[in-house]
Amino acid sequence: MHKSTSQPMPCPTRIEINEVAPRDGLQIEARFVPTDDKIRWIDALSTTGLRRIEATSFTSPKAIPNLRDAADVVTGIQRRAGVDISVLVPNLKGTERALACQVDEINLVMSASDSHGLANLRMTPEQSLEQSRPRRFQATPAARCCTKCYRLLAGDQCALPAQDHR
């Protein structure tokens, strides 16, 4: 006999929160937030009991000017035991920059659609997948420190009319 599918799922014994506001929130601000303010904010967040903080993104400063200080932010924050600092990277170059700063985790972003991938990563999903293959990362000596997390964006937001982006 099969188990009934109408029974509720058991409650998880643990929930893990990955605080992404320092990266996700600051990348769209109208004005550049000074590096020292970012560092103070992340330092304060790290005292709240969070175990993972996505501090920034190692993207091209031309693509996201507000995160142009990624290396300074990551190397400037006070590292606390039990708090992993993660970063978002779109490509191999970003990964190399992040590894040079000795981050705890790298979140490699990929897109599931051509239009989103080309608009945001300047590559198709196939190109993004190809560059993320382990053999590409073996050229980096610190690659063993890299945790590969895929953020697949299932919706094709770029194909929506402008008014639907709000």
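The preceding data block contains the structure.
Residues numbered from 1 in each chain as written. Predicted model: local features only at pLDDT ≥ 70, side-chain atom pairs only at ≥ 80, totals over all residues. Heavy atoms only, no water.

Focus on the overall build of the protein chain
Right, so step 1: Along its length, the protein chain carries 7 helices and 5 strands.
Right, so step 2: Going through the 166 residues of the protein chain one by one, you find that 36% of them count as buried.
Right, so step 3: Taking as baseline every contact in the protein chain between residues at least 6 positions apart, the subset at least 24 positions apart corresponds to 65%.
Right, so step 4: Here the protein chain displays about 10600 Å² of accessible surface, and carbon together with sulfur accounts for 53% of that area. (Helix = DSSP H or I, 4+ residues; strand = E, 2+ residues; numbered from the N terminus. Buried < 20%, exposed > 50% of the residue type's maximum accessible area, 1.4 Å probe, protein only. Contact = heavy atoms within 4.5 Å. Areas by Shrake-Rupley, 256 points an atom, 1.4 Å probe, with all protein chains shown as cover.)

Thoughts on unusual backbone geometry
Right, so step 1: With a phi close to 55°, Gln 102 is a non-glycine residue in the positive phi region.
Right, so step 2: Its location among the elements puts Gln 102 in the loop between α4 (92-100) and β4 (105-111).

As for the pairing of β4
Right, so step 1: Where burial is concerned, most of β4 is hidden: 7 out of the 7 residues are buried.
Right, so step 2: Crossover strand β3 (residues 84-89) to β4 through α4 is right-handed. (Right-handed = clockwise from strand over helix to strand, strands pointing away.)

With respect to the pairing of β3
The two faces of a sheet get side chains in turn, since along a regular strand they alternate between them.
Right, so step 1: The buried fraction of β3 is high, at 5 of 6 residues.
Right, so step 2: As paired elements, strand β2 (residues 52-57) and β3 share 5 bridges and run parallel to each other. If you follow Ser 57 over to β3, its bridge partner there is Leu 88.
Right, so step 3: Handedness of the β-α-β unit built from β2, helix α3 (residues 70-76) and β3 comes out right-handed.
Right, so step 4: Here 4 bridges tie β3 to β4, and the two strands are oriented parallel to one another. Opposite Val 87, over in β4, you have Ile 106 as the bridge partner. (Pairing = 2+ DSSP bridges.)

Quick notes on the nonpolar core
Right, so step 1: One finds Phe 58, Ala 70, Val 74, Val 87, Val 89, Ala 98, Leu 99, Cys 101, Val 103, Ile 106 and Leu 108 forming the largest nonpolar core, which totals 11 residues.
Right, so step 2: With 10 residues, the next largest nonpolar core counts Ile 39, Leu 45, Leu 50 and Ile 77 among its residues. (Core = buried A, V, L, I, M, F, W, Y, C linked by side-chain atoms within 4.5 Å.)

A look at the pattern of salt bridges
Right, so step 1: The full count for this structure, using the stated rule, is 8 salt bridges.
Right, so step 2: Between Asp 24 and Arg 23 there is a salt bridge whose closest N-O contact spans 3.3 Å.
Right, so step 3: In this structure Arg 23 comes out as buried when scored by relative accessible area, which is 7%.
Right, so step 4: Bridged by salt links that share partners, the residues Arg 14, Glu 16, Arg 52 and Glu 105 form one connected network. (Salt bridge = Lys/Arg side-chain N within 4 Å of Asp/Glu carboxyl O.)

Quick word on the packing of aromatic side chains
Right, so step 1: The full count for this structure, using the stated rule, is 0 aromatic pairs.
Right, so step 2: Taking the ring centre of Phe 32 as reference, the NZ or CZ of Arg 68 above it sits at 3.8 Å. (Phe/Tyr/Trp six-rings, centres within 6.5 Å; stacked < 30°, edge-to-face > 60°. Lys NZ or Arg CZ within 6 Å of the ring centre and 35° of its normal.)

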